[in-house]
Amino acid sequence: MLVTGANGFAGAAICRHLVRHGWQVRACVRNAAAAVPEGVEKVVVGEIGEATDWSAALAGVDAVVHCAARVHVLRETAADPLTAFRRVNVDGSRELAVQAAAAGVRRFVFLSSIGAAVAERQPAAASPYQRSKLEAEAALREAAARSGMVLVMLRPPLIYGPGAPGNFRRLARLVAAGRPLPLAAIDNKRSLLFIGNLAGAVEAALRCDTAPEGPLALCDGEDLSTPELARRIGRACGRPARLFAVPALLLKGAGRLFGRSAGVAALTGSLTVDNGPIRKSLGWSPDFSVEEGLTMTFRDTPQDAAR
C-alpha cells in the first residue's frame, strides 16, 4: 500500500488510520527531511511532475492512495499559477497512474476536491487549483481505462481535524483568541468532513472491486452555516465565539478591496454535498458526526489545535 503526500495533513492521518487497521503502508514524500507517521516505510521521490520516477515507491505494492498535490496557495508566487498546478496535480498524477498500472497496481484511490465539481459547473469562475483537480480526474480516468485498474476518486469538501490547515485553522485561531468576528448575518450552508471520516472512506475505497461511475463526494452528513460553525468551534475549544452582524454584501466588498475575495467567498457562500452516491458505491457512511469531530479536534490541546 503506497500513500503519497504522507507528511501532509490528510496523508498522515490516512497512514495512521490504515496502520491501526492492519494495513502495511509505504509513505511517499518529496524530500528526505519530511516526517511520516510511525509504523510506515518512507520513500523519497523528489519533485512531482511528468518526469518523476515512481518505481522505488511502487515496487511490490498493489494499491495507491494519491494525496500529494499542489494545494491552495495563500500568497501565490508562480508567474503562471495554472501551469504550476497542472505540473503537479495533472501531469504528476497521470504519470503516477501510468507507472502504477505498469507495476501491477490493482487499485488507485485519488484524493480530489469538491472544487473539481465547482470547475465542472462554473468553469469561468474556477480557480487554477479547482481546474487542475478536474483535469487530473480526467487524466486518471484515461489511464485507468487503458489498464483496467480500479480507480476511486473522492471529492471532499473542507476537511478539518487536529492540525487542519487553511480556512479552518484561520477561523479556529480567531475564535480561540476571542476576536470579534463579523459573521452573525451570514446565511449559508456548507458541508464539512472530519479527517477521521475521510480516512474511513479511503479504507472503504481500497476494498472496492468495481470502479464507481464517477467521482464521489462525501461529508459528515450535517451542513452548517459559517456562524454556526464558529459557535461550535467555540464550544469545542472552550472559548465562546464572539459574533456580530455585517451584511454579506459589505463583507464581499471588503474582500475585493483588500484582495481577499476568495476567502470571503468561502465564508459567505454555500457548498453542500450528498453522501448518497458514496453510500451506494462503497457502502460508506461517516463514523463521526460534526459534533464528535469538533470535540476530537480540540479535545486534547484546544489552543494547539487552533494554531
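What you see is a predicted model, and the numbers here were worked out from it, not measured in a lab. (Residues numbered from 1 in each chain as written. Predicted model: local features only at pLDDT ≥ 70, side-chain atom pairs only at ≥ 80, totals over all residues. Heavy atoms only, no water.)

S.K.: Where do I start with helix α6 (residues 166–176) in this structure?
M.R.: Each α-helix turn comprises 3.6 residues. Residues three or four places apart therefore point the same way. Listed as buried for α6 are Phe168, Leu171, Ala172, Val175 and Ala176. For α6, the angular spread of the buried residues around the axis is 130 degrees, confining them to a single face. Where α6 terminates, the next one or two residues include Gly178, which has phi positive at roughly 75 degrees. (Buried < 20%, exposed > 50% of the residue type's maximum accessible area, 1.4 Å probe, protein only. Helix = DSSP H or I, 4+ residues; strand = E, 2+ residues; numbered from the N terminus. Arc of directions from axis to C-beta.)

S.K.: Hey, could you run me through the pattern of salt bridges in this one?
M.R.: Where charged atoms from two side chains of opposite charge approach closely, those side chains can pair. Counted under the stated rule, the structure contains 14 salt bridges. The salt bridge involving Glu41 is made with Arg26; its shortest N-O contact spans 3.1 Å. Residue Glu41 is located in strand β3 (residues 41–44), and its partner Arg26 is located in strand β2 (residues 26–29); the two are separated by 15 residues in the primary sequence. Owing to a relative accessible area of 42%, Glu41 belongs among the partly exposed residues under this scheme. For the salt bridge of Glu137 with Arg155, the shortest nitrogen-to-oxygen distance reads 2.7 Å. Highlighted residues: Glu137 in helix α5 (residues 128–147) and Arg155 in strand β6 (residues 150–155), separated in sequence by 18 residues. (Salt bridge = Lys/Arg side-chain N within 4 Å of Asp/Glu carboxyl O.)

S.K.: Can you help me understand the environment of Thr272 in this one?
M.R.: Position of Thr272 among the secondary structure elements: in the loop between α10 (261–268) and α11 (276–282). In the structure, Thr272 is positioned 29 residues away from Leu243 in sequence and 23 Å away in space, judged by C-alpha atoms. Look past the residues within four positions of Thr272 in its chain and what remains in contact with it is Lys189, Arg190, Ser191 and Asp223. (Contact = heavy atoms within 4.5 Å.)

S.K.: Would you explain the side chain of Ser112 in this entry?
M.R.: With respect to the element layout, Ser112 can be found in the loop between β5 (107–111) and α4 (115–121). For Ser112, the residues in contact, after removing those within four places along its chain, are Lys133, Glu137, Leu154, Arg155 and Pro156.

S.K.: Quick question: what am I supposed to make of the nonpolar core here?
M.R.: Buried together is how nonpolar side chains tend to be arranged in soluble globular proteins. Counting 58 residues, the largest nonpolar core has Val3, Val65, Leu154, Leu198, Ile233 and Leu282 as its most contacted members. When residues in this core are grouped by element, the largest group, 8 residues, is from helix α7 (residues 195–206). The contact partners of Val65, leaving out residues within four places of it in the chain, are Met1, Leu2, Val3, Thr4, Ile14, Val109, Val202 and Leu206. One finds Ala57, Val105, Phe108 and Met149 within the second-largest nonpolar core, a separate group that totals 27 residues. (Core = buried A, V, L, I, M, F, W, Y, C linked by side-chain atoms within 4.5 Å.)

S.K.: What is the right way to read helix α8 (residues 226–237) from this model?
M.R.: Compared with an ideal rise of 1.5 Å per residue, which puts 12 residues at 16 Å, α8 spans 17 Å between its outermost C-alpha atoms and is within 8% of the ideal. Among the residues of α8, those classed as buried are Thr226, Pro227, Leu229, Ala230, Arg232, Ile233, Gly234 and Cys237. In the stretch just after α8, Gly238 is the one whose phi turns positive, near 75 degrees. (Expected span 1.5 Å × (residues − 1).)

S.K.: When you look at the packing of aromatic side chains in this model, what are you seeing that I'm missing?
M.R.: For any two aromatic rings, the description comes down to two numbers: the centre-to-centre distance and the angle of the planes. On inspection of all chains with the given rule, the structure shows 5 aromatic pairs. With 5.9 Å between their ring centres and 65 degrees between their planes, Phe85 and Tyr129 make a pair best called edge-to-face. Remark: Tyr129 occurs in helix α5 and Phe85 occurs in helix α3 (residues 81–102); sequence separation between them is 44 residues. Taken individually, Phe85 and Tyr129 each receive the classification buried, so the pair is uniform in this respect. With 5.4 Å between their ring centres and 85 degrees between their planes, Phe194 and Phe288 make a pair best called edge-to-face. You can see Phe194 sitting in strand β8 (residues 192–194) and its partner Phe288 sitting in the loop between α11 and α12 (290–298), a full 94 residues away along the chain. Within the aromatic cluster, the residues linked to one another by ring pairs are Tyr160, Phe168, Phe194, Phe288 and Phe298. Positioned above the aromatic ring of Phe85, the side-chain terminus of Arg70 is 4.5 Å from the ring centre. (Phe/Tyr/Trp six-rings, centres within 6.5 Å; stacked < 30°, edge-to-face > 60°. Lys NZ or Arg CZ within 6 Å of the ring centre and 35° of its normal.)

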